[in-house]
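Descriptive analysis of the structure
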Amino acid sequence: MAPAPARERDPDDPYFTRVLTLPNAITLARLLLLAPVCWLIVAGADGSWLPVVLLALWASTDWIDGVLARAMDQTSRVGEVMDPVADRIGIIGVTLSLAIAGAVDWWILAVIAGVDVIAVAFAGRAARDGSIHVSWLGKVRTALMLTAVVLLLVGHTVLPWVTPIAMTLMLLGLGLHVIACVDYILQARRLRRVQTGALARPAAGDAHAQDDTEEAR
């Protein structure tokens, strides 16, 4: 069952006030770990598993924070906003580093970043106010991309034969990235239509009431 939109929750719900939680700390750690991960990728470490292990650790936190938030009943508005932001910044940062290192083509980075910009432009407002949430399609997309970037680094540094597998996963992830973007935009449009209709109905009711009053006179 999808969580209730933030705007429909009780203002006193702890969901709004939880900030210092373990899941949020893990999400923040994912953001902080991004810099050393990207540096190791760009610096190059042929034959070394260190950047691969660090990148895999970074990617795993995306799953860990969500599981802990639900298991410990520590879901929060801060975490709900911060987690997808950390995902998008992280995937773009790692893909940029892989492109600089020559592990992926630049057009892959352009597609990822371009689709993200479009999603923010057309569905960002609905996402910010909690009216739409990360869909299962978006979660699968993120999982594929995170797995792909880890395997791309494995192929670039230690096991070249892994690269075709990694590219297949990345292309699948890119396809789902585009589809998820379209889905979010459609959700945001439907929501705007519902909200516009809800605002128009009271206005129409007031107009009818005024007409009835004038006729009674």
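Okay, so let's go over this structure. Note that the coordinates shown come from a computational prediction; the quantities given were computed from them, not determined experimentally. (Residues numbered from 1 in each chain as written. Predicted model: local features only at pLDDT ≥ 70, side-chain atom pairs only at ≥ 80, totals over all residues. Heavy atoms only, no water.)

**What to know about unusual backbone geometry**
Excluding glycine, residues mostly carry a negative phi; peptide bonds, for their part, are mostly trans. Positive phi, normally seen in glycine, also occurs at Asp73, with a value near 55°. Tracing the backbone shows Asp73 in the loop between α2 (50-71) and α3 (77-101). (Helix = DSSP H or I, 4+ residues; strand = E, 2+ residues; numbered from the N terminus.)

**Some thoughts on the layout of surface pockets**
By volume, the second largest pocket is sized at about 170 Å³. When residues of the lining of the second largest pocket are traced back to their parent elements, those giving at least two are α4 (106-128) and α6 (163-216). Broken down by element, the residue count for the lining of the second largest pocket peaks at 7 residues, all from α4. (1 Å grid on protein atoms, 1.4 Å probe; cavity = no way out; pocket = protein on both sides within 12 Å on 5 of 7 lines; lining within 4 Å. Points joined across faces, edges and corners; volume = space filled by probe spheres on them.)

**Some remarks on a positive patch on the surface**
Residues Arg125, Arg128, Arg189, Arg190, Arg192 and Arg193 make up a contiguous surface patch of positive charge. The set of elements that each furnish at least two residues to the positive patch consists of α4 and α6. Among the elements that take part in the positive patch, α6 stands out by supplying 4 residues, more than any other. The exposure class of Arg189 is partly exposed, given its relative accessible area of 40%. (Patch = residues over 30% accessible without salt bridge, like charges linked within 9 Å, V, L, I, M, F, W, Y side chains within 5 Å. Areas by Shrake-Rupley, 256 points an atom, 1.4 Å probe, with all protein chains shown as cover. Salt bridge = Lys/Arg side-chain N within 4 Å of Asp/Glu carboxyl O. Lys, Arg positive; Asp, Glu negative; His and termini not counted. Charge placed at Lys NZ, Arg CZ, Asp CG, Glu CD. Buried < 20%, exposed > 50% of the residue type's maximum accessible area, 1.4 Å probe, protein only.)

**Thoughts on the nonpolar core**
Counting residues in hydrophobic clusters, the biggest one holds 42 residues, and the most contacted among them are Leu55, Trp58, Val94, Leu98 and Met170. Considering each element in turn, this core owes the most residues, 10 residues, to helix α5 (residues 136-157). Leaving out residues up to four positions away in the same chain, Met170 has contacts with Ile108, Ile112, Met145, Ala148, Val149 and Leu152. (Core = buried A, V, L, I, M, F, W, Y, C linked by side-chain atoms within 4.5 Å. Contact = heavy atoms within 4.5 Å.)

**Section: the packing of α2 against α5**
Where α2 contacts α5, the two axes come as close as 10 Å, and the packing angle between them is 175°. Classified by the angle between their axes, α2 and α5 sit roughly antiparallel to one another. Facing α2, whose interface residues are Pro51, Val52, Leu55, Ala56, Trp58, Ala59 and Asp62, α5 presents Thr142, Leu146, Val149, Val150, Leu153, Val154 and Thr157. (Axes fitted to C-alpha atoms, helices over the stretch in contact; angles between N-to-C directions. Parallel < 35°, antiparallel > 145°, perpendicular 65-115°, else oblique.)

**Some details on the environment of Trp58**
Along the chain, Trp58 turns up in helix α2. Here Trp58 falls in the buried class, since its relative accessible area comes to 1%. Along the sequence, Trp58 and Ala29 sit 29 residues apart, while their C-alpha atoms lie 8.5 Å from each other. When residues no more than four places from it in sequence are discounted, the contact partners of Trp58 are Arg30, Leu33, Leu34, Val37, Gly90, Ile91, Val94 and Leu146.

**Remarks on a nonpolar patch on the surface**
Together, Val42, Leu96, Ile100 and Trp106 line one region of the surface with nonpolar side chains, adding up to about 370 Å² of accessible area. Along the polypeptide, Leu96 turns up in helix α3.

**Some details on the packing of α3 against α5**
At their nearest, the axes of α3 and α5 sit 11 Å apart, and the two run at 25° to each other. Taken together, the axes of α3 and α5 lie roughly parallel to each other. The hand of the α3/α5 crossing is left-handed. Across from Asp87, Arg88, Ile91, Val94, Thr95, Leu98 and Ala101 in α3, the residues of α5 making contact are Arg141, Thr142, Met145, Leu146, Val149, Leu152, Leu153 and His156. Residues that form the contact of α3 with α5 fall into these classes: 9 nonpolar, 3 polar and 3 charged. (Left-handed = near helix turned anticlockwise from the far one by under 90°. Nonpolar A, V, L, I, M, F, W, Y, C, P; charged D, E, K, R; others polar.)

**Quick word on the pattern of salt bridges**
According to the stated counting rule, one finds 5 salt bridges in the structure shown. The residue Asp83 makes a salt bridge to Arg30 at a minimum N-O spacing of 2.7 Å. Of this pair, Asp83 sits in helix α3 while Arg30 is found in helix α1 (residues 22-43), placing the two residues 53 residues apart along the sequence. Salt-bridge contacts for Asp116 lead to Arg88; the nearest nitrogen and oxygen are separated by 3.2 Å. Taken as a pair, Asp116 in helix α4 and Arg88 in helix α3 lie far apart in primary sequence, 28 residues in all. Accessibility assignment for this pair places Asp116 and Arg88 in one class, buried. Connected through salt bridges with shared partners, the residues Arg30, Asp62, Asp65, Asp83 and Asp87 form a single ionic network.

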